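# A look at the structure
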Amino acid sequence: MSEQTPRGIRNNNPGNIRNSDKTDWQGEVDASQKNDKSFEEFEDMPHGYRALIKLLQNYRKKWGCITIADFIKRWAPPTENNTSSYINSVCKDLQVPSTYVPDIEDRETMCAMAAAISYVENGVPAVMDDVYKGWDLL
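These lines cover the structure that appears in this document, whether it is placed above or below. (Residues numbered from 1 in each chain as written. Predicted model: local features only at pLDDT ≥ 70, side-chain atom pairs only at ≥ 80, totals over all residues. Heavy atoms only, no water.)

### Let's talk about the packing of helix 5 (residues 107-122) against helix 6 (residues 128-136)
Note the threshold: Axis lines are fitted to C-alpha atoms, over the contacting stretch for helices. Their N-to-C directions set the angle, which ranges from 0 to 180 degrees. The numbering of helices and of strands both runs from the N terminus, where a helix is a DSSP run of H or I of at least 4 residues and a strand a run of E of at least 2. With respect to orientation, any angle under 35 degrees is reported as roughly parallel, any angle over 145 as roughly antiparallel, any angle of 65 to 115 as roughly perpendicular, and every other angle as oblique. Handedness of a crossing follows from how the near helix is turned relative to the far one, being left-handed for an anticlockwise turn of less than a right angle and right-handed for a clockwise one. Contacts between residues were defined by any pair of non-hydrogen atoms, one from each residue, lying within 4.5 Å. In this classification, the charged set is Asp, Glu, Lys and Arg, the nonpolar set is Ala, Val, Leu, Ile, Met, Phe, Trp, Tyr, Cys and Pro, and all remaining amino acids, among them Gly, are polar.
Look at helix 5 against helix 6: their axes get within 10 Å of each other, and the N-to-C directions meet at 125°. Taken together, helix 5 and helix 6 sit at an angle that is classed as oblique. In the crossing of helix 5 with helix 6, the sense of the turn from one axis to the other is right-handed. Between helix 5, through Arg107, Glu108, Met110, Cys111, Ala114 and Ala115, and helix 6, the contact on the second element is made entirely by Met128, Val131, Tyr132, Trp135 and Asp136. For the contact of helix 5 with helix 6, the class distribution of residues is eight nonpolar, no polar and three charged.

As structure tokens, then:
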């Protein structure tokens, strides 16, 4: 893959999840094999989507995120992103208001949300087969 390929695609990390010593992800590339010191790298795209969806589910369970806006404010904080634009983009993709409360146990909802986040992060549409395979790995 070329350097022009978005970082999240190169790393099989469509949500651009940052590296963390606190979390060992299923399908994570071994630290000795990583090329990116700032962001996680996964063996394949389904494992990257699994991590993205798992994090979103944990945002509800551990951090109390309720609405789409809550999730995106946590995912893409204003210190690093244009969060309001990010929320608008995800909501437009999902065709829901920012006050929408997603069902974190619903496959279609969470896969659509993961795909919308991936699009904002990488600028290219998600391969939905990879997103669904990520869900199946949960």
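### As for the packing of helix 2 (residues 45-63) against helix 3 (residues 68-75)
One can describe the packing of helix 2 onto helix 3 by two numbers: an axis separation of 11 Å at closest approach and a directional angle of 110°. Of the possible angle classes, the one that applies to helix 2 and helix 3 is roughly perpendicular. Considering how the two elements wind past one another, helix 2 and helix 3 form a crossing that is right-handed. Contacts between helix 2 and helix 3 pair Leu52, Leu55, Leu56, Tyr59, Arg60 and Trp63 from the former with Phe71, Arg74 and Trp75 from the latter.

### With respect to the side chain of Glu28
Put simply, the test is: We define a polar contact as two N or O atoms separated by no more than 3.5 Å, with the added condition that, inside protein, one atom must be a possible hydrogen donor and the other a possible acceptor, whereas residues neighbouring each other in sequence contribute only through side-chain atom pairs.
Mapped onto the fold, Glu28 is located in the loop between helix 1 (7-10) and helix 2. In terms of polar contacts, Glu28 uses its side chain to reach the backbone amide nitrogen of Trp25, at 2.8 Å. One polar contact links Glu28 to Lys34, side chain to side chain, over a distance of 2.8 Å. Once residues lying within four places of it in the same chain are set aside, the contact partners of Glu28 are Thr23, Lys34, Glu40, Glu41, Phe42 and Glu43.

### Focus: helix 4 (residues 83-94)
What counts here: Residue count minus one, scaled by 1.5 Å, sets the expected span of a helix. Think of it in three bands: residues with accessible area under 20% of the maximum for their type are buried, residues over 50% are exposed, and the middle band is partly exposed, with areas taken using a 1.4 Å probe on protein chains only. This arc is built from the directions going out from the helix axis to the C-beta atoms.
Under the 1.5 Å per step criterion, the end-to-end length of helix 4 is 16 Å for 12 residues, consistent within 8% with the ideal 16 Å. Three or more residues of helix 4 are buried, namely Thr83, Tyr86, Ile87, Val90 and Cys91. Burial along helix 4 is one-sided: seen end-on, the buried residues are contained in an arc of 125°. In helix 4, the exposed positions angled more than 90 degrees off the buried face are occupied by Asn88 and Lys92. Elements in contact with the buried residues of helix 4: helix 3 and helix 5.

### Things to note about the pattern of salt bridges
Applicable threshold: By salt bridge we mean one thing: a side-chain nitrogen of Lys or Arg within 4 Å of a carboxyl oxygen of Asp or Glu.
One pass over the full model with this rule turns up seven salt bridges. Here Arg7 ties to Asp36 by a salt bridge, and the two come within 2.7 Å at their closest N and O atoms. Taken together, the positions of Arg7 in helix 1 and Asp36 in the loop between helix 1 and helix 2 put the pair 29 residues apart, joining distant regions of the chain. Salt bridges linked by common partners bring Glu28, Lys34 and Glu40 together as one network.

### Re the environment of Asn82
As for its position among the elements, Asn82 is in the loop between helix 3 and helix 4. Only 3.2 Å separates the side chain of Asn82 from the side chain of Ser84, close enough to count as a polar contact.

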